[in-house]
Amino acid sequence: MVKHWDHCRCKTGCKGRMCKCVRTQIKCTSDCDCQKDANAADCNNPFSQENDIDSSNATEAASSQEAIIENLTQQLTSLKTELKYQTELINKDLSTKNEELQILTQQLMSLKTDLKNQMELNKGANVCNNENDVDSSNATETASSQEAIIENLTQQLTNLKTELKYQTELNKNLSTKNEELQTLTQQLTTDLKCQKELNKDLCSENEELQNLNQKMDKERRKLLHHVIHEMKDNIKVFCRVRPRTPKETKQMKALCNIRFIDDCTIEVGKSDGSDAMSCSGNKLRGTKQEFSFNKVFAPNASQADVFEELSLLVQSAIEGYNVCVFAYGQTGSGKTYTMEGKSELETEGMIPRTVRYIFSEMEHLERLGWKYRIEASFLEIYNDNIVDLLDSEPKTHEIRMVDNKGQDLCVSNLQIKEIHSPEELHEYLRTAQHNREVAATQSNKRSSRSHLVARMRLIGTRVTKQEGSISTIGNLNLVDLAGCERLTTEGPPSPNRELAAAKYINTSLANLGNVILALSKKQEHVPYRNSKLTRLLEPYLGGNSKTLMLLNVSPLDEHLNETLNSLKFGSNVANNCKTGSIKRPSPRIEKQKNVGYLGVSPLRD
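Residues numbered from 1 in each chain as written. Predicted model: local features only at pLDDT ≥ 70, side-chain atom pairs only at ≥ 80, totals over all residues. Heavy atoms only, no water.

Per an unreviewed UniProt entry, the chain goes by the name Protein claret segregational and belongs to Temnothorax longispinosus. Looking at the Subcellular location (unreviewed entry) heading of the UniProt record, one finds this comment for the chain: "Cytoplasm, Cytoskeleton". As stated in UniProt under Sequence similarities (unreviewed entry), the record for the chain gives "Belongs to the TRAFAC class myosin-kinesin ATPase superfamily. Kinesin family." (UniProt positions renumbered as here; feature names shortened; annotations may be inferred.)

So this is what it looks like as structure tokens:
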């Protein structure tokens, strides 16, 4: 027979201390005696009770735990505050105790020092007791010795006082000398400064004297230039030999034999020493020929070098003279480059340089009370017809006489532009260059097929209380002639339009030669009316004008014949051609504001 507690694993019941269910952490089963007992509700096995706890009890337990935790947190905060306060009190107390310890240490050190001093006093007292037994004679000797020492020291002190007094007087004298030296230094510094100022003033006056001397020298040169020009009454000729172009250098084209004897003389011959041929086919005897001009420019001469000589004529135009400058030479000899140049400042031609020079001189003359106005026009003679290069509309232009004397000429329907700056005139010049007739030849890819005439009128006015209005008018004509050419050398240009242009160019230049020849022979009749070119140049070839020919020649051996013809023509002009009497028109004085025109009138309608 099996008893009911045999199935209970705790054997001794759940209330016992040896309960196996509790030790193994399991709940009691239905076989346990505690579950069969009527008092099973009193089972103390917690593993049997945990699943039977009500949810409300669990919530209450959790709330109770949170309250406990919050209470403990507050207690902890309070304890931390108390700990911090106690720590501060302890630190303060320790600081106070440390200060007291330092004070006690200082007192102890002071007591030790007093004790040491007392011991030394006691020792000194013992010594004094011993000295009382010394013999009185020794004390007397000691006193005498002390008196001698005192006397010696007193004497040394007196000597030192005397030496100090002497040194004081010496220092005083040195201070006086130093003050005198400083005063002298200041005076010398002041004198040196005055001397520097005087030297500066002298340098300034010397510079002014040099400028004045240069100005007077320039005025003398201009006056001498005017006097010589008025005495000689002939056309001046400058000869310019151009250098080889880069293309000609690359092709290694031969140069003719040119020797520059001096600033006014040139010698030319073929490179191989043979005879040259004239345009008519005749041989030019002699291997070398010499020509004289007013000035000769070698190939290395710059545009500035040429304009330096030309500037005197431009100055004459500003002062009221009538001036004409024209470039002459064969095709490709550098006429257009000389007159117009390129866009760079160093390679600017005579026309743009003339404008810059005029405006520069105008600024100086304005300081003297002069005011200037510049009027300009650009025209070309193409196929013996006049074309306005500033007017896009084709018009008929005629050359007319202004008065009965036949010296004042004008061109009808010609646009006249007032110039206010060099840049403005350069713009008009570019327009004229664009509208000018050009064509390609064997000598030049862009050869001028017309004669370009740039005309400027310079009107100067000065108003004074004593004399009223004083006015001068100068006329300046800059002419770039088309290049003469031999049709047999160039080949017949095509189409017929270019052939006709070449014939007109040669004809007009031939007429110019005939006029020069008639003037050189002083013939009564001069054929000015044979072409428009000579008709326009009439006042400047035989009238009251200063005229300059810029003769341009090529250095190539293949152009020797044309070069010799140009040199002969230019030499004949320079040495034989006489112009009319050159006189500067007297300034016109008016009481009214109107300004009259003097000299050759401008080419305008």
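Structure's up, so let's keep going.
**Examining the overall build of the chain**
Secondary structure summary: the chain contains 14 helices and 19 strands in total. Out of the 605 residues in the chain, the part that is buried amounts to 37%. Of the contacts formed within the chain by residues at least 6 apart in sequence, a portion of 69% connects residues at least 24 apart. Counting only carbon and sulfur atoms, one obtains 52% of the accessible surface of the chain, whose full area is about 37400 Å². (Helix = DSSP H or I, 4+ residues; strand = E, 2+ residues; numbered from the N terminus. Buried < 20%, exposed > 50% of the residue type's maximum accessible area, 1.4 Å probe, protein only. Contact = heavy atoms within 4.5 Å. Areas by Shrake-Rupley, 256 points an atom, 1.4 Å probe, with all protein chains shown as cover.)

**Thoughts on helix α10 (residues 422-435)**
Between its first and last C-alpha atoms α10 spans 20 Å; for 14 residues at 1.5 Å apiece the expected length is 20 Å, and the two agree. Along α10, the positions that sit buried rather than exposed are P422, L425, H426, L429 and A432. Here the buried residues of α10 occupy an arc of 115° about the axis, which is enough to place them on one side. In the core, the buried residues of α10 are packed alongside α9 (350-366), β9 (371-382), β13 (417-419) and β16 (451-464). (Expected span 1.5 Å × (residues − 1). Arc of directions from axis to C-beta.)

**Remarks on the confidence of the model for the chain**
Residues with a pLDDT of 70 or more make up 67% of the chain, whose mean pLDDT is 76. In this model residues 50-55 is a low-confidence stretch, pLDDT under 50, and it forms zero contacts with partners more than four residues away in sequence or in other chains. (pLDDT = per-residue confidence, 0-100.)

**Concerning the packing of aromatic side chains**
Think of a pair of aromatic rings as described by two things: how far the centres are apart, and how the planes are tilted against each other in angle. Evaluated as defined, the whole model comprises four aromatic pairs. Ring geometry for F238 and F297: centres 5.9 Å apart, planes at 75°, overall edge-to-face. Of this pair, F238 sits in strand β1 (residues 236-241) while F297 is found in strand β7 (residues 295-297), placing the two residues 59 residues apart along the sequence. For F238, a relative accessible area of 3% gives the class buried. (Phe/Tyr/Trp six-rings, centres within 6.5 Å; stacked < 30°, edge-to-face > 60°.)

**Topic: the pairing of strand β17 (residues 468-480)**
The element β17 is largely enclosed, with a buried count of 13 among its 13 residues. Here six bridges tie strand β8 (residues 322-329) to β17, and the two strands are oriented parallel to one another. Bridge assignment links N322 to a residue of β17, and that residue is N475. Strand direction decides the pairing type here: β16 and β17, joined by 13 bridges, are antiparallel. Within β17, the residue paired with G460 across the bridge is T472. (Pairing = 2+ DSSP bridges.)

**Quick word on the side chain of E375**
As for its placement among the helices and strands, E375 is situated in strand β9. A distance of 2.4 Å separates the side chain of E375 from the side chain of R457, its partner in a polar contact. (Polar contact = N/O pair within 3.5 Å; in protein donor to acceptor, adjacent residues only side chain to side chain.)

**Comments concerning a negative patch on the surface**
On the surface, a cluster of negative charge is contributed by E197, D201, E205, E207 and E208. Among the secondary structure elements, E205 is positioned in helix α5 (residues 136-232). (Patch = residues over 30% accessible without salt bridge, like charges linked within 9 Å, V, L, I, M, F, W, Y side chains within 5 Å. Salt bridge = Lys/Arg side-chain N within 4 Å of Asp/Glu carboxyl O. Lys, Arg positive; Asp, Glu negative; His and termini not counted. Charge placed at Lys NZ, Arg CZ, Asp CG, Glu CD.)

**A short note on the pairing of β8**
The buried fraction of β8 is high, at eight of eight residues. Alternating positions in β8 separate into two faces, N322, C324, F326 and Y328 on one and V323, V325, A327 and G329 on the other, with burial throughout. For β8 and strand β18 (residues 546-553), the ladder comprises seven bridges, and the chain directions are parallel. Residue pairing in the sheet places G329 in a bridge with N552 of β18.

**Notes on α9**
Side chains that are three or four residues apart share a direction in an α-helix, a result of its 3.6 residues per turn. For α9, with 17 residues, the first-to-last C-alpha span of 24 Å sits near the 24 Å given by 1.5 Å per residue. Across the 17 residues of α9, twelve count as buried, placing the element largely inside the fold. Every buried residue of α9 is listed here: M350, I351, P352, R353, T354, V355, Y357, I358, F359, E361, M362 and L365.

**Let's talk about a nonpolar patch on the surface**
Taken together, the side chains of Y166, L170 and L174 present a nonpolar region at the surface, about 300 Å² in accessible area. Looking at where L174 falls in the secondary structure, it is placed in helix α5.

**Brief notes about the environment of S271**
Among the secondary structure elements, S271 is positioned in the loop between β3 (265-269) and β4 (276-277). Since its relative accessible area comes to 43%, S271 is described here as partly exposed. Taking C-alpha positions, S271 is 6.7 Å from L255, a pair spaced 16 residues apart along the chain.

**A short note on the sheet that holds strand β6 (residues 288-292)**
Spatial strand order, β2-β3-β6: three strands in an open sheet with antiparallel pairing. Each having just a single partner strand, β2 (257-260) and β6 make up the two edges of the open sheet. Taking each pair of neighbouring strands and ignoring which way they run, the sheet shows an average axis angle of 20°. (Axes fitted to C-alpha atoms, helices over the stretch in contact; angles between N-to-C directions.)

**Some points on unusual backbone geometry**
Despite not being glycine, M252 shows a phi value in the positive range, around 55°. By the secondary structure assignment, M252 is in the loop between α6 (246-250) and β2. Here the phi dihedral of N383 falls at roughly 55°; this positive angle occurs in a residue that is not glycine. Position of N383 relative to the elements: it lies in the loop between β9 and β10 (385-388).

**Considering the side chain of R535**
Relative to the helices and strands, R535 resides in helix α13 (residues 532-541). At a separation of 2.4 Å, a polar atom in the side chain of R535 contacts the side chain of E538. In this structure R535 touches I399, M401, L409, Y528 and R529, once residues within four positions along its chain are discounted.

**Concerning the pattern of salt bridges**
Taken as a whole and judged by the stated rule, the model has 14 salt bridges. D557 is the partner of K270 in a salt bridge, and the nearest nitrogen-oxygen pair spans 3.5 Å. With a gap of 287 residues between them, K270 in the loop between β3 and β4 and D557 in the loop between β18 and α14 (560-576) connect regions that are remote in the sequence. In this structure, the salt-bridge partner of R457 is E375, at a minimum N-O distance of 2.4 Å. Linking R457 in strand β16 with E375 in strand β9, this pair joins segments that are 82 residues apart in sequence.

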